[in-house]
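One-letter residues, chain by chain:
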Amino acid sequence: MSIALPAPDISRAITRIAHEICERNSGSQLVTLLGIPTRGAHLAQRLAAEIESITGNSVECGTLDITMHRDDLRLRAPRALAPTSIPPLGVEDRHVVLVDDVLFSGRTIRAALDALGEVGRPKTVQLAVLVDRGHRQLPIKADYVGKNLPTSPQQIIKVHLSELDGVDEVLLEEVAG
Amino acid sequence: MRHLLSIADLTKSDALSILNTAETLSRASDGPMKKLPTLRGRTIVNLFAEDSTRTRISFEAAAKRLSADVINFSAKGSSLSKGESLKDTAQTLQAMGADAVIIRHSASGAAHTLAQGQWMSGSVINAGDGTHEHPSQALLDAFTIRKHCAHGNDDLTGLRIAIVGDILHSRVARSNVLLLSMLGAHVVLVAPPTLLPIGVESWPVTISYDLDSVIESVDAVIMLRIQIERMTEMYLPSAGEYARFYGLNLDRLARMKTQSIVMHPGPMNRGLEISSESADSARSVIVEQVKNGVSVRMAILYLLLAGNQDLEVSL
């Protein structure tokens, strides 16, 4: 087990992504951040705080639970649901930035696009992830990446955030055998 | 959890996971009603060998909001009324590829027989069997009580809940006694002695024959339906007397605690166990119970059908 991304790197990555989101969308007036529970929701809140300190304006931030839209529900044990909270201005005609911790197969994001389609029709949908570890199974690409981590499919990436785990770090674990 | 046959089969954490899932689903549906793709391609059969409107419609609405295909199979006009056995019916449903069967039957234990019979591989959900249990009703009642009375607590610890009326014949009462006491509530059964079952002393409840002495101290009161035919079966002297001693009228309503709620599983006999004014009062959450029923049944279907039951539950 090794630390792939220590706390200062995570913090710098979030700051950089916040700047990139403002740059791409000419500020944050039309931006809505939607975090995918559990850790994506906390990352979205950190991004929102960072964008607010850059622009001085508050930014719309919520959560989007995608469990009911997954295509692998039948392959796993029953999952608990997480809350969805769409901010007051909704998603209609907004630049929605989906936020998640790890981008891997792309199936979570596909489910998120479906879930988002039920809510409304954003002007654009963008994707911000803390770690892109490759091995996509669908034609999905992130717009903002904290760190590209080349991995083998057998390795396990664990993201720890201080809100939930007491510490900020991204771990890379080898699976024996 | 593969089947939902009775509250007695559930652990407290099973029950809480159903309530919590229902709460997430009900908050998500506060906006425009959205259809979720979760059970697309799954077939759910409503097998109702006994009359029911709201339970059947509620399960049907829940299944359809999760995009399942629903087949309704009611006693009238089906081969059940021609005397087909439960086994033959089950094998027919299996051959049609039913992923779940929701069964209402007049025989206590019918759902259990269907689940244990090895005649079909799908999940069995008990929607009321004889005078035994009606677990989904108890879950929606607990959900409604928790929402109004639990002050943000996870369970119902410290609450006093009265169940009033025909306890003897009520599967709703049996399931509620088990569930509400498991969740930490203190249950008081209020009924005339003729409408209490033998062995009720061993239930985890307090028993009273006097509604007036109980009504002031409870956080929620569940009024049970009195079936008119009980009058002719000599359980009760007259409808008027029952209404006077055990009915919820305006006078009793006025003596209830300020935050307390009035519940009824339906269908109501207005003027018998509950007066019209009480049923329509601000304390009454009877219509909300129906709404909560859909969320709770969505949660049940989701937890039983969406995942792979052979894997360990990770809730």
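Refer to the structure printed above.
Rules behind the numbers
- Residues numbered from 1 in each chain as written.
- Chains lettered and ligands numbered in written order.
- Predicted model: local features only at pLDDT ≥ 70, side-chain atom pairs only at ≥ 80, totals over all residues.
- Axes fitted to C-alpha atoms, helices over the stretch in contact; angles between N-to-C directions.
- Helix = DSSP H or I, 4+ residues; strand = E, 2+ residues; numbered from the N terminus.
- Parallel < 35°, antiparallel > 145°, perpendicular 65-115°, else oblique.
- Left-handed = near helix turned anticlockwise from the far one by under 90°.
- Contact = placed C-beta atoms within 7 Å.
- Nonpolar A, V, L, I, M, F, W, Y, C, P; charged D, E, K, R; others polar.
- Buried ≥ 20, exposed ≤ 12 C-beta atoms within 10 Å, placed from the backbone.
- Pairing = 2+ DSSP bridges.

**Q** How do you make sense of the packing of helix 5 (residues 135–149) of chain B against helix 6 (residues 171–182) of chain B when you look at a structure like this?
**A** In a pair of packed helices, the angle between the axes and the distance between the axes together describe the arrangement. Residue and element names in this part refer to chain B. Relative orientation of the contacting elements helix 5 and helix 6 amounts to 50 degrees, with a least axis distance of 8 Å. Here helix 6 runs oblique to helix 5, going by the angle between their axes. Every pair of crossing elements has a handedness; the one defined by helix 5 and helix 6 is right-handed. Contacts between helix 5 and helix 6 pair Pro-135, Gln-137, Ala-138, Leu-139, Asp-141 and Ala-142 from the former with Val-172, Ser-175, Asn-176, Leu-179 and Leu-180 from the latter. For the contact of helix 5 with helix 6, the per-class residue count stands at seven nonpolar, three polar and one charged.

**Q** It is not clear to me how unusual backbone geometry should be interpreted in this structure. Could you clarify?
**A** A negative phi angle characterises most non-glycine residues, just as the trans form characterises most peptide bonds. Residues and elements named next belong to chain A. Across the junction of Pro-37 and Thr-38, the peptide omega takes the value 5 degrees, indicating a cis bond. Counting through the fold element by element, Thr-38 comes out in the loop between strand 2 (31–35) and helix 2 (39–55). Even without being a glycine, Asp-93 presents a positive backbone phi close to 60 degrees. For Asp-93, the position within the fold is in the loop between strand 3 (60–63) and strand 4 (95–103). Asp-93 sits in the exposed class, given 12 other C-beta atoms within 10 Å. With a phi angle near 65 degrees, His-135 is a residue other than glycine that sits in the positive phi range. You can see His-135 is positioned in the loop between strand 5 (124–132) and strand 6 (144–148). Exposure remark for His-135: the 14 C-beta atoms within 10 Å place this residue in the partly exposed category.

**Q** What should I look at first to understand the sheet that holds strand 3 (residues 100–105) of chain B in this one?
**A** Within a sheet, neighbouring strands are paired by backbone hydrogen bonds and run either parallel or antiparallel to one another. All names here are of chain B. Taken in spatial order, the four strands of this open sheet run 2-1-3-4, and their pairing is parallel. On the outer flanks of this sheet lie strand 2 (69–74) and strand 4 (123–129), each paired with one strand and no other. For this sheet, the mean angle separating the axes of adjacent strands, direction not counted, is 15 degrees. Alignment of strand 3 against strand 4, held across five bridges, turns out to be parallel. Along strand 4, the bridge assignment pairs His-105 with Asp-129.

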